[in-house]
Amino acid sequence: MKEKNSNPSRRKFIQQTAIASAGLLLVNPISIFSQTNKSKKMSTNIKSKGYAGNDEVGKLTAWNFERRAVGDNDILIDIKFSGICHSDIHMVKGHWGKQQYPLVPGHEIAGIVTAVGKNVTKFKVGDQAGVGAMVNSCMQCDSCKSSQEQHCETTGMVETYGMPEKSSPTGITQGGYANNIVVTEHFAIKIPATIKLKYAAPLLCAGITTYSPMMKMKFKKGDKIGVVGIGGLGHIAVKLAVSKGAKVFAFTTSASKVKDIKCFGAKEVIVVQSAEDLKPYKGKLDYMISTVPYAYEMSPYIDCVKPYGFFTQVGEPINGILEINNFNMTQNRVNFNGSLIGGIQETQEMMDYCAKNKIYPQVEVIKASEINEAWDKVVNKKAHYRFVIDATTF
């Protein structure tokens, strides 16, 4: 006897439905939504979990919060790795001004795109993507139109965390010490498949912050480049300068780092205990970049640059205040400047360059529960050389 529901087409439909349902269980539901409903606006806020600071004491604790819904021009990134920058510590502890809490820091973000808005053309689901230190700007002023969004002349750039944001359920932007992030596609960087995400993450701040001013100098092969402070930023500066054929002179106060720095390609490592250690290099260097994030005695370092050469300070001290002896500057004739990350176009250029030339930061991957310990090590110059958080541990 035949069973009642023996219609071949019906059996085929049931089988296909069962297979499809089983398959749905194996795929990220957000990914499915983005692929099958790209034309529809995603109106639901995105649940997120991460680590946040709650006051200026600066001890981070686990926190569940929400991101804005994925808009027409947004992408949702499933964060895989998030680098720890000294700026995170300065910000959460209020060194650069009062903050609103809870505050999730982190602006070295690398992960996988899991959803895209209907207008998105730069990314597709499954792409590697990253976010650096900014997530928005006016996009209308001369700086924005010339791919210098970090110098937005109207609203100013919207930083990745701690900035007022109407679309954020928390009222401010929240950073990358978390398992996901929603960002406008323009402010996301494409990460080539040839570079691992744990290496890509630090490049989105430490990499571009040193790459941008050095490339503007257009130094030649064989030029003598000085790098002051060989930490998270400084060690990448050494590698970048070496890759361009420069003879790098690395200046550090940590004797324990000498062997590492030579492995990064530095021609010479100078362990600085006092200004006397810098005198042999007076007027010898074509260019110098400092990544030191605290106030320090700058003039002896600036003196190392040749007359009319350039000295760039990218490390930001507490309150941004540095002292320079102007009497000394009138004698050494060195041009002093600062630099702020880089525009989106330049950041993409940097990422592609590092991926192509295998310029990888030296990283130590940690669990989310180890963030506070890692912060202490960063402050005490014990990081070797960039801590990167495994976002699967949030």
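Please refer to the structure placed before this passage.
Let me sum up the structure you'll find in this document. (Residues numbered from 1 in each chain as written. Predicted model: local features only at pLDDT ≥ 70, side-chain atom pairs only at ≥ 80, totals over all residues. Heavy atoms only, no water.)

1. Some thoughts on the nonpolar core
Residues Ile75, Ile84, Tyr177, Met214 and Ile371 are the most contacted members of the largest nonpolar core, which totals 89 residues. The dominant element in this core, judged by the number of residues it contributes, is helix α5 (residues 197-217), at ten residues. Within the second largest apolar cluster, 19 residues are counted, among which are Val228, Leu278, Met288 and Ile302. (Core = buried A, V, L, I, M, F, W, Y, C linked by side-chain atoms within 4.5 Å. Buried < 20%, exposed > 50% of the residue type's maximum accessible area, 1.4 Å probe, protein only. Helix = DSSP H or I, 4+ residues; strand = E, 2+ residues; numbered from the N terminus.)

2. Considerations on the packing of α5 against helix α6 (residues 234-243)
Helix-helix packing: each pair is described by the crossing angle between the helix axes and the interaxial distance. Two elements in contact, α5 and α6, have axes whose closest approach is 9 Å; the angle formed by their N-to-C orientations is 50°. Here α5 is positioned oblique relative to α6, judged by the angle of their axes. In terms of crossing hand, the pair formed by α5 and α6 is right-handed. Contacts from Pro202, Leu203, Ala206, Gly207, Thr210, Tyr211 and Met214 in α5 reach Ile236, Ala237, Leu240 and Ala241 in α6. For the contact of α5 with α6, the class distribution of residues is nine nonpolar, two polar and no charged. (Axes fitted to C-alpha atoms, helices over the stretch in contact; angles between N-to-C directions. Parallel < 35°, antiparallel > 145°, perpendicular 65-115°, else oblique. Left-handed = near helix turned anticlockwise from the far one by under 90°. Contact = heavy atoms within 4.5 Å. Nonpolar A, V, L, I, M, F, W, Y, C, P; charged D, E, K, R; others polar.)

3. Details of the sheet that holds strand β13 (residues 285-290)
The strand order β12-β11-β10-β13-β14-β15 describes an open sheet built from six strands, whose pairing is parallel. Strands at the two margins of the open sheet, each flanked by one partner only, are β12 (268-271) and β15 (335-338). Each adjacent strand pair in this sheet contributes to an overall mean axis angle of 20°, direction not counted. With four bridges joining them, strand β10 (residues 224-228) and β13 adopt parallel strand pairing. Following the sheet pairing, Ile225 is matched in β13 by Tyr287. In the packing of α5 onto the sheet, the strands contacted are β13 and β14 (305-313), and the crossing angle to β13 comes to about 160°. In the packing of α6 onto the sheet, contacts are made with β10, β11 (247-252) and β13, and the angle to β10 comes to roughly 170°. (Pairing = 2+ DSSP bridges.)

4. Side note on the packing of α5 against helix α10 (residues 344-357)
Interhelical geometry of α5 versus α10 gives an angle of 105° and a closest axis separation of 9 Å. On the basis of the axis angle, α5 is roughly perpendicular to α10. Contacts from Ala200, Leu203, Leu204, Gly207, Ile208, Tyr211, Ser212 and Lys216 of α5 reach α10 at Glu346, Thr347, Glu349, Met350, Met351, Tyr353 and Cys354. Looking at the contact of α5 with α10 residue by residue, the class counts come to nine nonpolar, three polar and three charged.

5. A closer look at unusual backbone geometry
Between Tyr101 and Pro102 the backbone carries a cis peptide bond, its omega angle lying at -5°. With respect to the secondary-structure elements, Pro102 resides in the loop between α3 (86-92) and β4 (109-116). Here the residue pair His384 and Tyr385 is connected by a cis peptide bond, since its omega of -10° sits within 30 degrees of zero. Even without a glycine there, the phi angle at Tyr308 is positive, about 70°. In this fold, Tyr308 is placed in strand β14. The phi dihedral of Lys358 is positive, around 55°, even though this residue is not glycine. Relative to the helices and strands, Lys358 resides in the loop between α10 and β16 (363-366).

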